[in-house]
Amino acid sequence: MTLYRAAVVDTPGDPFAGEPADALAADQDGGVLVRAGIILARGPFGSLHAEYPDEPVTELSGGMLLPGFVDTHVHYPQIRAIGGLGMPLLDWLERCALPEESRLADPAYADVVAREFLDGLLACGTTTALVFGSHFAPAVDVLFTEAEARGLNVTAGLVLSDRILREDLLCTPERALAESRDLIERWHGKGRLRYAVTPRFSLSASEEILAVCMELVQDVPGGRDDIWFTSHLNENLAEVAAVADLFPGSDHYLGTYHQHGLVNDRSVFAHNVHASDKELALMGEAGAWAAHCPTSNSALGSGLFPLRRHVEHGVSVALGSDVGAGTGLFLPKEGLQAYFMQQLLGGEGLPLTPVHLLYLATRAGALALGLADRVGDFTPGKDFDAVWLRPADGSTYAVNLAHAADTTDALARTFALATPADVAGVWVRGQQVGPEKALT
Ligand code: GUN
Ligand code: ZN
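In short, a report on the structure. Starting afresh in each chain, residues are numbered from 1 along the sequence in its written order. Whichever chain is written first is A, and whichever ligand is written first is 1; the rest continue in order. Only residues with pLDDT of 70 or above have their local features reported here, since the model is predicted, and side-chain atom pairs are shown and tallied only from 80 upward, although totals for entire chains, interfaces and linings are computed over all residues. Side-chain figures throughout are based on the complete set of non-hydrogen atoms in the structure, without hydrogens or water.

Thoughts on the overall build of the protein
Step number 1: Within the protein, the regular secondary structure consists of 16 helices and 17 strands.
Step number 2: Computed over its C-alpha atoms, the radius of gyration of the protein comes to 21 Å, within 12% of the 22 Å expected for a compact globule of 440 residues.
Step number 3: C-alpha extents for the protein along the principal axes are approximately 65 × 50 × 40 Å.
Step number 4: Between buried and exposed lies partly exposed: a residue is buried under 20% and exposed over 50% of the maximum accessible area for its type, with that area taken using a 1.4 Å probe on protein chains only. Counting the 440 residues in the protein, one finds 58% classified as buried.
Step number 5: Should any heavy atoms of two residues lie within 4.5 Å, those residues are considered in contact. A separation threshold of at least 6 residues defines the contact pool for the protein, and within that pool the share at least 24 residues apart is 75%.
Step number 6: With an accessible surface of roughly 15,500 Å², the protein has 53% of that area assigned to carbon and sulfur atoms. Every helix listed is a DSSP run of H or I at least four residues long, and every strand listed is a run of E at least two residues long, numbered separately from the N terminus. We compute the radius of gyration over the C-alpha atoms and compare it with the globule rule, which gives 2.2 Å times the number of residues raised to the power 0.38. With residues, only the protein chains shown are counted as cover, and all accessible areas are computed by Shrake-Rupley using a 1.4 Å probe.

The following block contains the structure:
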């Protein structure tokens, strides 16, 4: 057993459901007792130490210990394609993202990219992610293999497109079915890995391939009902118009997925910037999730996410980095950008507190992925997945933490100032996996 001593901060409650402060749990001199990767107890260090005086103590002094971050939308093949500024979505896809995605046809190339991607996630404190895979099955194998080796909680799948995309990224509905089934058989439910059926977006998906997606989600051999579904939705106005032309029989963009039974509480839709009330009502009824990707929406000029309307329609929201359109893997940066965007919406925005930001970066994602019984906060019984943010002595972040009035204020300063350089420790199921910094 190990007793970690730190400023322990998490959000076991839901700040969108009541008073944000009630969703927070914080012990400035806190303890988390971990046995075999599982949290056994959590509370003030003094009382835990008195109860377990013989257990070794790991001092994590300075900064704060948070649950490992949960990224609900990130593209593994795009880790080398960050920073393509100055283009709207469809141009960016054609010029930046898709040429790089084609290179993953080579499994040796994919292997290096998978390592860069997963090591990048861990270095940023992300321990759970819903990952957009590759269009190439061997590259998805590589992703799962490397994720398993690192102990990460990864839900991912083969990306499916059968029209209006680069020729080399297309597949037939028949091949989509066979290759996805094979990947599901081999990876779904293996350790911390799970499968997500992943059409790229309706713009590049025919009715036939969406029907295959329904088959994959519903008819999993063995009757498993925990296959996830993810895709893009209502990101950009030109994209929304193109989808409307391609699916004249659908009421709206969400309808292209809904008519194939793909909108339910195991569905995570990235973006949803240009959602209609009808779509939000449908998502709310179905329990489908939106993955809000603030730096991506800003970089591509996609728009300002209507968070208030999502909440009013009962649609739950988590955060995604959307790398490579997003500007990095560090979830607190997404939290800060989400806050900025709600400020910029003025009266239409939903003012976010620091407690909301932590919830969006941790527990909300765990709920979106159906993993909240395992990760997302430090409740006893859950896996010890954690990130220790500790600023360098004398840094502006350190100065601000030293002058924080309370934990909520310290959290605000963390979202404002923390960077990946402040990640001083990351644990997955109790194993420290990075970075190689000495514990103090
Ligand atoms: N829509 C379809 N593919 C993509 C992608 O790779 N990134 C983003 N941001 N939107 C998409
Ligand atoms: Zn995306």
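What about the coordination of the zinc ion (ligand 2)?
Step number 1: Metal donors: N, O and S atoms at distances within 2.8 Å, or within 3.2 Å for Na, K and Ca, with water omitted from the atom set so that some sites may seem incomplete. Distances from the zinc ion (ligand 2) to its protein donors, H73 (NE2), H75 (NE2), H232 (NE2) and D322 (OD), fall at 2.0 to 2.3 Å.
Step number 2: Bound by 4 donor atoms, the zinc ion (ligand 2) shows angles of 90 to 168° at the metal and therefore irregular coordination geometry.
Step number 3: Sequence spacing of the donors to the zinc ion (ligand 2): H-x1-H-x156-H-x89-D. One end of the pair, H73, is in strand 6 (residues 69–75); the other, H232, is in strand 11 (residues 228–233), and 159 residues separate them in sequence.
Step number 4: Residue H73 is classed as buried on the basis of its relative accessible area, which comes to 1%.
Step number 5: When its relative accessible area of 6% is taken as the criterion, H232 is described as buried. Site shape is set this way: if four donors have all angles between 85 and 135 degrees, tetrahedral; if opposite donors are over 155 degrees apart and all others between 65 and 115, square planar for four donors and octahedral for six; otherwise irregular.

Here's the deal with the environment of G151
Step number 1: Relative to the assigned elements, G151 resides in the loop between helix 4 (137–150) and strand 8 (153–157).
Step number 2: Separated by 126 residues in sequence, G151 and A25 place their C-alpha atoms 26 Å apart.
Step number 3: Setting aside anything within four residues of it in sequence, one finds G151 in contact with R192 and V428.

Regarding the pattern of salt bridges
Side chains that differ in sign of charge can pair as their charged atoms come close.
Step number 1: Definition used for salt bridges: Asp or Glu carboxyl oxygen within 4 Å of a side-chain nitrogen of Lys or Arg. Going through the model one piece at a time under the given rule, you end up with 26 salt bridges.
Step number 2: Residue R186 is joined to D141 by a salt bridge in which the shortest nitrogen-to-oxygen separation is 2.8 Å. Residue R186 is located in helix 5 (residues 173–187), and its partner D141 is located in helix 4; the two are separated by 45 residues in the primary sequence.
Step number 3: Judged by relative accessible area, D141 falls into the buried class, the value being 18%.
Step number 4: Of the charged contacts in the structure, one is a salt bridge between D168 and R166, with a shortest N-O distance of 3.2 Å.
Step number 5: Among the residues examined, R166 registers a relative accessible area of 34% and is labelled partly exposed.
Step number 6: Members of the salt-bridge network, linked through shared partners, are D111, R115, D119, E146 and R150.

Details of the packing of aromatic side chains
Step number 1: The pairing test for Phe, Tyr and Trp rings, Trp by its six-membered ring, is centres within 6.5 Å, and the orientation test on the planes gives stacked under 30 degrees, edge-to-face over 60, and tilted for anything in between. For the structure shown, the criterion picks out 14 aromatic pairs.
Step number 2: Arranged with centres 6.2 Å apart and planes meeting at 55°, the rings of Y339 and F340 form a pair that is tilted.
Step number 3: A relative accessible area of 28% places Y339 in the partly exposed class.
Step number 4: Linked through ring pairs, Y4, F378, F384 and W427 together constitute an aromatic cluster.
Step number 5: Think of it as a cone above the ring: NZ of Lys or CZ of Arg counts as a charge over the ring if it is within 6 Å of the ring centre and within 35 degrees of the ring normal. Cation over ring: R194 sits above W228, and NZ or CZ is 4.6 Å from the ring centre.

Here we look at the state of the cysteines
When the sulfur atoms of two cysteines share a covalent bond, that bond is a disulfide.
Step number 1: Note on disulfides: each one is a pair of cysteine sulfur atoms within 2.5 Å. Summed over all chains, the structure comprises 0 disulfides.
Step number 2: The cysteine C96 is free of any disulfide, with C293 supplying the nearest cysteine sulfur at 17 Å.
Step number 3: C96 sits in the partly exposed class, given a relative accessible area of 21%.
Step number 4: The closest cysteine sulfur to the non-disulfide-bonded C293 is located on C124, 15 Å from its own sulfur.

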